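The chain contents come next:
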Number of protein chains: 2
Amino acid sequence: MSVFTPVPETVLAQWLQNYAIGRLVELKGISAGVQNSNFFVTTTLGRYVLTLFEDMPRAELPYYLHLMAHLARHGLPVPAPIANRDNEYLGTLQGKPAVLVMRLQGASDMTPDTDRCTRVGAMLAGLHLAGQSYGRRQANPRGASWRSEAAQRVRNHLPTDERALLDAELCFQSTLDCGQLPAGAIHADLFRDNVLWDGEHIGGVIDFYFAGHDTWLFDLAVTVNDWCTEADGSLNRARYDALVQAYHAERPFTAAERAAWPGMLRAAALRFWLSRALDFHLPREGEMVLVKNPHEYRDILRLHIDVPAPPLPGQV
Amino acid sequence: MSVFTPVPETVLAQWLQNYAIGRLVELKGISAGVQNSNFFVTTTLGRYVLTLFEDMPRAELPYYLHLMAHLARHGLPVPAPIANRDNEYLGTLQGKPAVLVMRLQGASDMTPDTDRCTRVGAMLAGLHLAGQSYGRRQANPRGASWRSEAAQRVRNHLPTDERALLDAELCFQSTLDCGQLPAGAIHADLFRDNVLWDGEHIGGVIDFYFAGHDTWLFDLAVTVNDWCTEADGSLNRARYDALVQAYHAERPFTAAERAAWPGMLRAAALRFWLSRALDFHLPREGEMVLVKNPHEYRDILRLHIDVPAPPLPGQV
């Protein structure tokens, strides 16, 4: 989250008359983040976050907004989008698609302990279960076909050893069959900075703008790769056990999922290696993105190949 | 809120499997209140309030629950009901209709200052504006026809002077025409104990189980009679001005409303005098209600007759 499109207070005050949330008290840009413009908005009646979508196709936005509304309606701490007086979530501000969502309590924790990994595992299962009754469907924007296409684009920019790793991994991934794995709406980006802690509780799960329909196991693999790894990319066994067992307690793994798990951890590592390598080697002109080191996820991928993770819990 | 129907933890833990909010951590009865059984419920994924409806017709409940959901969806701090895995708000627990709602932050303030009255006035206008797009309709359960019927039932139990007051007031009320007043979904019971303060902000507006379709002005009159009166029933001018001006700033009064205002303050006082007099003189067998002193609202009614409130703001 950052501010790329400025919003003057007078413009916002006028725009808020489309809503029933009172008058503007404070508007403050949020400097974190990479993709959209975000602001804290305080009115006489509440506290909200305003997002202006900088380059996401407008037609894709209702999937995300209605998913957030659906999950919040099922009791999960997800920022509910606010309907305006025409009963619509999505508006237009400064020429950009724009939405107000509820501002949730809490702050992210970049060094979570096992207790917090337990809560995150249970929360991810809760998101998957609540998403089962969500009616809309949109493909995971960073799913298998995106990964193949991204690999072709970045391949020639990689050093030889990385290119060999990439080719071998794509070949391995093409042998995997995910057809039997349970699937649904997934967050797909549940990193530590997207969970807000309010004391011991999860006060918020934020940033659903990579969500889509894919296997639940892919979502778990993305989450484990971030929450349960050390700085060198190796798994922390205690946090790993805590997270996957808490997930399993809410939504038991199937035999097909246990079999697919080592490959899925690799697919999830590949997805972030590729997106970071693209941002690094092929930055798009005029785009302001926080370029993250692609080596982190290359190394996580290598480690998953060399040292397969302990099996998922459940009957063998 | 109180507990009339006990809920064992094992029964609730089982029932929660219909939801996607994790496992039961704590269950605690709430002792305040008069009408339903209420509990604080903490799960691994969040904090909720559980309500078992003791004697409200099941068919009337969706109006209240969908109204709460609608207002929350419009960004107001109203307890959103939680949908279960079948996407339904209303379930059955211990043989009673039951609902889980989000638990909101804050505590009520029985001695509010003018700043808080300003916020309550603005909030009430926000509720009315957001309610304009609510699709369901159910009559105010304590509207004009209920008041006539209640007066007939309680009349002969009143001392002579009160009976004369009641007869005169009913006669006066029958001359009023509310047909030109703007109407919509109203809370109808926005007393000080139904607003939770989270610091300077309103963290929650609760207890929508007297809501219904009626004039917005009736809702404002109910609110003013509670928030802006002294212990002797007389108006506190500073709190009165703060509340009605804040409301007017969000949703300007019409000329018809300014004309109807003195009679509406009396109608709102009559409604609570009657319900408290019924509870006092004709308690229903087996019903556990907190009997409140009916004299308070009899005196507020008398004062509105003797000392009409200052006019509402706006053009004359």
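Residues numbered from 1 in each chain as written. Chains lettered and ligands numbered in written order. Predicted model: local features only at pLDDT ≥ 70, side-chain atom pairs only at ≥ 80, totals over all residues. Heavy atoms only, no water.

Draft legend 1. Quick peek at the overall build of chain A. The helix and strand tally for chain A stands at nine helices and nine strands. Since a compact globule built from 316 residues should have a radius of gyration of about 20 Å, the 20 Å found for chain A is in line with a globular shape. Taking all 316 residues of chain A together, 54% fall into the buried category. A fraction of 73% describes how many contacts in chain A between residues 6 or more apart in sequence connect residues 24 or more apart. Accessible area for chain A stands at about 13,200 Å²; split by element, carbon and sulfur atoms hold 51% of it. A gap of 3 Å separates the mean positions of the 29 positive and 35 negative side-chain charges of chain A. (Helix = DSSP H or I, 4+ residues; strand = E, 2+ residues; numbered from the N terminus. Rg over C-alpha atoms; globule rule 2.2 N^0.38 Å. Buried < 20%, exposed > 50% of the residue type's maximum accessible area, 1.4 Å probe, protein only. Contact = heavy atoms within 4.5 Å. Areas by Shrake-Rupley, 256 points an atom, 1.4 Å probe, with all protein chains shown as cover. Lys, Arg positive; Asp, Glu negative; His and termini not counted. Charge placed at Lys NZ, Arg CZ, Asp CG, Glu CD.)

Draft legend 2. View of the environment of I206(B). Tracing the chain through its elements places I206(B) in the loop between β8 (201–205) and β9 (212–215). The sequence separation of I206(B) and H187(B) amounts to 19 residues, and the corresponding C-alpha distance is 9.2 Å.

Draft legend 3. Geometry of the interface of chain B and chain A. Taken together, the contact pairs 36 residues of chain B with 36 residues of chain A. When chain B packs against chain A, close to 3,000 Å² is buried across both sides, 45% of that on carbon and sulfur atoms. Of all residues in chain B, L45(B), R73(B) and H74(B) give up the largest surface area on contact with chain A, accounting jointly for 20% of the area buried on that side. Here D198(A) makes a salt bridge to R47(B), at a shortest N to O gap of 3.5 Å. Scanning the region where chain B abuts chain A turns up 24 residue pairs in polar contact (both at pLDDT 80 or more). Of the residues that constitute the side of chain B that touches chain A, the class distribution is 16 nonpolar, 13 polar and seven charged. (Buried area = accessible area lost by both parts, 1.4 Å probe. Salt bridge = Lys/Arg side-chain N within 4 Å of Asp/Glu carboxyl O. Polar contact = N/O pair within 3.5 Å; in protein donor to acceptor, adjacent residues only side chain to side chain. Nonpolar A, V, L, I, M, F, W, Y, C, P; charged D, E, K, R; others polar.)

Draft legend 4. Local environment of the sheet that holds strand β5 (residues 96–102) of chain B. All names here are of chain B. Across the sheet, five strands lie side by side as β1-β2-β3-β5-β4; this open sheet has antiparallel pairing. Looking at strand neighbours, the two that pair on one side only are β1 (24–29) and β4 (91–93), the edges of this open sheet. Ignoring which end each strand starts from, the neighbouring axes of this sheet average 35 degrees apart. Relative to strand β2 (residues 37–43), β1 is paired through five bridges, and the arrangement is antiparallel. (Pairing = 2+ DSSP bridges. Axes fitted to C-alpha atoms, helices over the stretch in contact; angles between N-to-C directions.)

Purely spatial values, then, with no claim about function.
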